[in-house]
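Residues per chain, in single letters:
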Amino acid sequence: MSGASAFVALGSNAADARARLEQALVGLEAAGVRVAAVAPPVTGPYLDAAGRPVPGARPVLNTVAQVTTALRPQELLAALHALEDASGRVRDGGVTRTLDLDLLTHGERVEPHGAPILPHPRAHERAFVLAPWREIAPWAGLPGTGASVALAAARLEARHPAAFDALRLEPALRLPALGARPRVLPDRAALRAWRDALPPAGAVGLTAGLGLVPTMGALHAGHAALVRRARSACDAVLATIFVNPLQFGPGEDLARYPRTLESDLDVLAAAGADAVYLPDAADLYPPGFATTVTPEGPALPLEGERRPGHFRGVATVVLKLFQRTRPARAWFGQKDAQQVAVLERLVLDLDLSVALEVAPIVRDDDGLALSSRNRYLAPEQRARALALPSALAEVARAAARGERDVARLLAPAQERLVSAGLQVDYLEVVDPRSMQALARVGEAPALALATIRAGSTRLLDNRWVVVP
Ligand code: AMP
C-alpha cells in the first residue's frame, strides 16, 4: 500500500473511555486507515490549555497510534473528526471529553500554517502524548524540529518530571482483528508457488513488496505486533514459523521449545498475515548441508560469549529465509536487540537488498517483556522477574533526568535485581550497533541491556537510554 505513516493521539475521560478508544481504532480501519501499532495507554490528570490539572474532572485515558494512510492530512483530520462526532463528542469546553483524536504528524510534513498544523504544535509539550508515543516509535522524527520522539520526551521529562510521574500505565487496548486464517505453506515448493504468484513490487497496489516476519512460533502479542506493522506497510505479509536447531546449543531448550500451531494461526489471522511458511529441518537443511554464516563484531559479546554458535544459527537461517522469500522488508523485535545488531551487519556486509524494520518491545500489562519462554515461569518466579523491567525503566528514567555515568546508572538496577533473588547474567549499557559496553552515555542513543535467570529460565530485556 502506498501512503504516509502518521501518528494520531487518542484520549477520552468518559466513563467507558477504554471502549471508546478501541471503537476509534475499529473506525480508523473501517475508514481505510491501517493501524500499525498502538501504545499501551496511560491515565493522567485532565489538564487545561495551560497544562494545569482541572479540579473535579475525571482522569483521561490517552494513547498514541501509528497508522499508514493514503489520505492527505486534511482528509485524515476530517476522518478523525467524523469518528469524534460518531462517539457523541460535544465541543462545549466542558470537562468531559468523550473522544479526542489529534493528528500529531503526517509523514515528513511541516505545515506551520496548515489546517491541521503539522507537526501538532503542542505534541512536544505533553507528557501524556510523548510517554506513550516513545513506546511505539522512539526514533520517529518530529519533522522540522530535528528531534526524535525519544529526545523530545527526555527533554520534557528533564524539565517536568512530575508530569511523567503523574501518568499511570494501563493495560493494552484490544486491537481490531483483521483477517482470515493465513495460507499454510508446508514446504519450499509451496512457498515458491505462493511467492511466484505475487505481483511484482511496484505493480498497482503492491508498492511496498512483500513483508516478512520470521518467528519460532508460540506466538504472542509481540509477534502479532510485527505482523500488524508489516501489514500496514506492505500489501502481502508472510510469517515463518521454524524452531531453528542451528541456533540452539547443547543443553538448551530445543526439544521442549513450545509448539502451539493452532493458536499461532489465530494470532496470525487477527494480525493480518496472508501466509505462513512452516518448513521442517530437512526442508531448510537437506542432507549434505555444509555452508553457514559466522557473524562477528556485534555477535561476539554478551549472548555471543554465553551461547557459542547461536548467532551463526540465526544469521544462517535468516539469510536462507531471505533468499527463499525475497522480501522487500523484514520485521524483527527490539526485544532481541543483539540479534537486530547482528542482522543489520549481515544485510550491510553481504549486500542484501532487504530493508530491516525493528519494532519496539511489546510488554505484558505488568511490564514483563512478552516472550515465548515466559510460560516456563512459576507464578512466584514471574513476580520476582518483574524486577527486570522495573530496574531497566529506572535506568532510563535516571538518564532522562540527567545522569550520564553508567556505573551510577546501573548500581541501583543491579541491587534491585539481586535483591529480587534473580541471577544476573549481564547488565550493561551498550552502543546499539557494536554492542560494546559504554562507560558514559553521550548524545547518541544507548541501550540498557540485561539478561537474568529466574530458576532455569533466562529472560532478556532492554530499554533505550536517552539523555536530554
Ligand atoms: P522468536 O519467535 O522468539 O524467535 O521471535 C520472533 C521475532 O519476534 C523476533 O524478531 C523477536 O525479536 C520478536 N519478538 C519476540 N518477543 C517480542 C516482544 N515482546 N516484542 C516485540 N517483538 C518480539
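If you're wondering where the values come from, they're calculated on a predicted model, not measured in any experiment.

(A) Local environment of the pairing of strand β14 (residues 355-359). Relative to β14, strand β13 (residues 329-333) runs parallel, the two sharing five bridges. Note that in β14 the partner of Gly333 across the bridge is Ala359. Since β13 and β14 lie parallel, the crossover through helix α12 (residues 337-349) that links them has a hand, and here it is right-handed.

(B) Layout of helix α1 (residues 17-30). For α1, spanning 14 residues, the distance from its first C-alpha to its last is 20 Å, which sits close to the expected 20 Å at 1.5 Å a residue. In this structure, the buried side of α1 is in contact with β1 (4-12), β2 (34-38), β4 (60-69), α2 (73-86), β5 (100-106) and α7 (221-233). One or two residues past the end of α1 sits Gly32, with phi positive at roughly 85°.

(C) Geometry of unusual backbone geometry. That bond from Ala115 to Pro116 is cis: its omega, 5°, falls within 30 degrees of zero. Within the secondary structure, Pro116 sits in the loop between β5 and α3 (127-136). Put simply, Leu118 and Pro119 share a cis peptide bond, and its omega is -10°. Although it is not a glycine, Arg326 sits at a positive phi angle of roughly 50°.

(D) Molecular detail of the sheet that holds β14. Read from one edge to the other, the open sheet built from six strands follows the order β9-β12-β11-β10-β13-β14, with strand pairing classed as parallel. Both outer strands of the open sheet, β9 (183-185) and β14, are each paired with one neighbouring strand and no more. Taken pair by pair, the neighbouring strands of this sheet meet at an average axis angle of 25°, ignoring direction. Here helix α6 (residues 188-196) sits on the sheet and contacts β9, β10 (210-215), β11 (236-241) and β12 (275-277); the angle it forms with β9, its principal contact strand, is near 130°. Together, β10, β11, β12, β13 and β14 form the strand contacts of helix α11 (residues 310-325), whose direction differs from that of β10 by roughly 150°.

(E) Quick peek at the site of the ligand. What surrounds the ligand is a group of 17 residues, the closest being Met216, Gly333, Asp336, Val362 and Leu370. Here an oxygen atom of the ligand and a backbone polar atom of Gly333 are 2.9 Å apart. Within the side chain of Asp336, one N or O atom sits 2.7 Å away from an oxygen atom of the ligand. Expressed as a share of its isolated accessible area of 480 Å², the protein-covered part of the ligand is 92%. Of all the secondary-structure elements, those providing two or more residues to the shell around the ligand are β10, α7 and β13. Of all the elements, α7 adds the most residues to the shell around the ligand, at three residues. Residues of the shell around the ligand, tallied by class, amount to nine nonpolar, six polar and two charged.

(F) Representation of the nonpolar core in the model. Within the largest apolar cluster, 33 residues are counted, with the highest numbers of intra-cluster contacts made by Leu238, Phe322 and Phe332. At the level of elements, α6, β10, β11, β12, α11, β13 and α12 are the ones that each hand at least two residues to this core. Beyond its immediate stretch of four places on either side in the chain, Phe322 contacts Leu212, Pro327, Ala330, Phe332, Val347, Leu352, Val354 and Leu356. Val395, Leu410, Ala413 and Ile452 belong to the second largest nonpolar core, which has 27 residues in total.

(G) Seen up close, the environment of Gly313. Relative to the elements of secondary structure, Gly313 occurs in helix α11. With relative accessibility at 0%, the residue Gly313 sits in the buried group. Residues Gly313 and Asn244 lie 69 residues apart in sequence; the distance between their C-alpha atoms is 7.4 Å. Apart from residues no more than four positions distant in its own chain, Gly313 is found in contact with Asn244, Leu246 and Gln247.

(H) Representation of the sheet that holds strand β16 (residues 446-454). Taken in spatial order, the three strands line up as β15-β16-β17 in an open sheet, and their pairing is antiparallel. Strands with a single pairing partner mark the edges of an open sheet, and in this sheet they are β15 (423-430) and β17 (457-465). Shown here is a sheet whose adjacent strand axes are inclined to one another by a mean of 10°, direction ignored. Bridge count for β15 against β16 is seven bridges, and the pairing is antiparallel. Bridge pairing links Leu427 to Ala450 in β16.

(I) Highlighting helix α4 (residues 149-159). Burial analysis of α4 places eight of its 11 residues in the buried class, the great majority of the element. Of the residues making up α4, those classed as buried are Val149, Ala150, Leu151, Ala152, Ala153, Ala154, Leu156 and Glu157.

(J) Structural view of the pattern of salt bridges. In total, this model carries 33 salt bridges according to the counting rule given. Its salt-bridge partner being Asp266, residue Arg181 comes within 2.8 Å of it at the nearest N-O pair. In this pair, Arg181 sits in the loop between β8 (168-169) and β9 while Asp266 sits in helix α8 (residues 261-271), placing the two residues 85 residues apart along the sequence. You can call Asp266 partly exposed: its relative accessible area is 43%. Between Arg404 and Glu443 there is a salt bridge whose closest N-O contact spans 3.8 Å. One end of the pair, Arg404, is in the loop between α14 (387-400) and α15 (406-419); the other, Glu443, is in the loop between β15 and β16, and 39 residues separate them in sequence. For Arg404, a relative accessible area of 25% gives the class partly exposed. Through salt bridges with shared partners, one network takes in Arg134, Glu157, Asp165 and Arg401.

The rules behind the values
Residues numbered from 1 in each chain as written. Predicted model: local features only at pLDDT ≥ 70, side-chain atom pairs only at ≥ 80, totals over all residues. Heavy atoms only, no water. Pairing = 2+ DSSP bridges. Helix = DSSP H or I, 4+ residues; strand = E, 2+ residues; numbered from the N terminus. Right-handed = clockwise from strand over helix to strand, strands pointing away. Expected span 1.5 Å × (residues − 1). Contact = heavy atoms within 4.5 Å. Axes fitted to C-alpha atoms, helices over the stretch in contact; angles between N-to-C directions. Near = heavy atom within 4 Å. Polar contact = N/O pair within 3.5 Å; in protein donor to acceptor, adjacent residues only side chain to side chain. Areas by Shrake-Rupley, 256 points an atom, 1.4 Å probe, with all protein chains shown as cover. Nonpolar A, V, L, I, M, F, W, Y, C, P; charged D, E, K, R; others polar. Core = buried A, V, L, I, M, F, W, Y, C linked by side-chain atoms within 4.5 Å. Buried < 20%, exposed > 50% of the residue type's maximum accessible area, 1.4 Å probe, protein only. Salt bridge = Lys/Arg side-chain N within 4 Å of Asp/Glu carboxyl O.

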